[in-house]
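# Geometric and topological summary
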Amino acid sequence: MLTRRNLLFGVSGLAAVFALRWIYDISEARGSFEIERSDSDWRAMLTRAQFQVLRLHHTEPPGSSPLNHEKRKGTFACAGCALALFSSDTKFDSGTGWPSFYQPLAHAVGTRQDYALLIPRTEVHCRRCGGHLGHVFDDGPPPTGLRYCINGVALNFATTPAA
């Protein structure tokens, strides 16, 4: 039953979640990485959507990235620092609405626990600039069984030159 008390609790609870998310966003966007820039420098070099995802840990809407349907051979790199992150050889269609990979390139990404939704998840970030990429889950295909669910806006794609 929807009562004034329940409504107020729901609104205040939601406000608390967003407040925690904001605190998390600000604190986790900072760190000790090979490439560090001020927020104003990041804002100047990234699009608004890229800044929100890479620096503030937001998530793009499912199905919004053209990279979700990218099938050419090539490399997916960090939109923040151009570090090569994933090979097209490890990309698969997860049906989730985000580009998915079963394995990153060696020494390309880092992970950490993410409690932004109050449920622990494993966040994936660029190991060089700390940019938030997405999350990794254990429901992927062989050979790793992992699904790196990555925001397309956090990536740039370059085709592999023909041999």
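Residues numbered from 1 in each chain as written. Predicted model: local features only at pLDDT ≥ 70, side-chain atom pairs only at ≥ 80, totals over all residues. Heavy atoms only, no water.

### Some words on the nonpolar core
- Among the nonpolar cores identified, the biggest contains 28 residues, and Leu 85, Phe 86, Val 109, Leu 133, Tyr 148 and Ile 150 are the most heavily contacted of them.
- At the level of secondary structure, the elements contributing two or more residues to this core comprise α3 (48-54), β1 (74-78), β2 (84-87), β6 (121-126), β7 (132-137), β8 (147-150) and β9 (155-159).
- With 3 residues, α3 is the single largest residue contributor to this core.
- Once you skip the residues sitting within four places of it in the chain, Leu 85 turns out to touch Phe 76, Ala 77, Cys 78, Pro 104, Leu 105, Ala 108, Val 109, Cys 126, Leu 133 and Leu 155. (Core = buried A, V, L, I, M, F, W, Y, C linked by side-chain atoms within 4.5 Å. Buried < 20%, exposed > 50% of the residue type's maximum accessible area, 1.4 Å probe, protein only. Helix = DSSP H or I, 4+ residues; strand = E, 2+ residues; numbered from the N terminus. Contact = heavy atoms within 4.5 Å.)

### So, the sheet that holds β9
- Spatially, 3 strands are ordered β2-β1-β9 in an open sheet, and the strand pairing comes out antiparallel. Sheet topology places β2 and β9 at the edges, where each strand pairs with a single neighbour. The sheet shows a mean angle of 30° between the axes of neighbouring strands, taken without regard to direction.
- Judged from the 3 bridges that link them, β1 and β2 form a sheet pairing that is antiparallel. Following the sheet pairing, Ala 77 is matched in β2 by Ala 84. (Pairing = 2+ DSSP bridges. Axes fitted to C-alpha atoms, helices over the stretch in contact; angles between N-to-C directions.)

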